[in-house]
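# Notes for the structure review
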Amino acid sequence: MPPVPAMSFWIMPLRAPALFLLAALPAWAEPATPSLSPEIAWLETGVFCALQAMDRMPAPGSDSGWIHVPRGQITFHWPDRQVVPASIGIAFGVRAAARPGWAGPAVIHVLRPGRSTPETFETSISDAGGALAFFRFDTQDELLPGLWALEAWQGDTRLYHAEFEVVPASALPEIAQACGATS
């Protein structure tokens, strides 16, 4: 049996390739694929520039006490994206539609990193078209890197769950700069 120092010799060459592979990986993990209940026919995720003026609606379960209400249709500038730069004016969200013949009220939960209690606001989901739920970065204290999630609930039934990995704006400058936002 070789002495212990010889064992270290065999381990050392294996460390360098492993470190190289780790360095080549992105600094964040890929968020999970969204999960849907049988009541949801389809769901899309995305990121968009949200610097346009929006109306407001009371949302007592949110930190600000209100939510943004778009004045027109929102198009995801980066559809199917779940990695988001933390930059003022950037928004990420979910558009979902119910299965045919199903409709109802829902409560959206916004789950931020490091929090045990979600922010909430009311919405409705139907088979008439996609209901949009999103979060827009408005203030510096909202720019929290980490895993965020948007969920829709009807009573005790979770209708959907979608994760978003928020990363520093410098990690995705092509998106942060495309919106003209700085943070």
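Data block above holds the structure.
Residues numbered from 1 in each chain as written. Predicted model: local features only at pLDDT ≥ 70, side-chain atom pairs only at ≥ 80, totals over all residues. Heavy atoms only, no water.

## Quick word on the state of the cysteines
- Applying the stated criterion across every chain yields a total of 1 disulfide.
- Each disulfide pairs two cysteine sulfurs, and for C49 the partner residue is C179, the sulfurs being separated by 1.9 Å. An S-S torsion of about -80° defines the bridge between C49 and C179 as left-handed. Of the two residues, C49 sits in strand β2 (residues 40–49) while C179 sits in the segment after α2 (173–176), which places them 130 residues apart along the sequence. (Disulfide = S-S within 2.5 Å. Helix = DSSP H or I, 4+ residues; strand = E, 2+ residues; numbered from the N terminus.)

## Quick word on the packing of aromatic side chains
- Tallied over the full model, the rule gives 9 aromatic pairs.
- Aromatic pair F48 and F134: ring centres 5.4 Å apart, planes at 70°, arrangement edge-to-face. Of this pair, F48 sits in strand β2 while F134 sits in strand β10 (residues 131–136), placing them 86 residues apart in sequence. Grouping residues by exposure puts F48 and F134 together as buried.
- Here F92 and F164 contribute two aromatic rings whose centre-to-centre distance is 4.9 Å and whose plane-to-plane angle is 45°, an arrangement assigned as tilted. A residue pair is termed long-range when its members are at least 10 positions apart, and F92 in strand β7 (residues 90–98) and F164 in strand β12 (residues 157–168) qualify at 72 residues. (Phe/Tyr/Trp six-rings, centres within 6.5 Å; stacked < 30°, edge-to-face > 60°. Buried < 20%, exposed > 50% of the residue type's maximum accessible area, 1.4 Å probe, protein only.)

## Focus: the sheet that holds β2
- With respect to topology, 4 strands assemble into an open sheet ordered β5-β2-β7-β10, the strand pairing being antiparallel. Among the strands making up the open sheet, the edge pair consists of β5 (78–79) and β10. (Pairing = 2+ DSSP bridges.)

## Some remarks on the nonpolar core
- One finds V84, F92, V94, I125, F137 and Y160 to be the most contacted residues of the largest nonpolar core, which totals 37 residues.
- It is β12 that contributes the most residues to this core, 6 residues altogether.
- Listed in part, the 7 residues of the second largest apolar core include A50, M54, I74 and F134. (Core = buried A, V, L, I, M, F, W, Y, C linked by side-chain atoms within 4.5 Å.)

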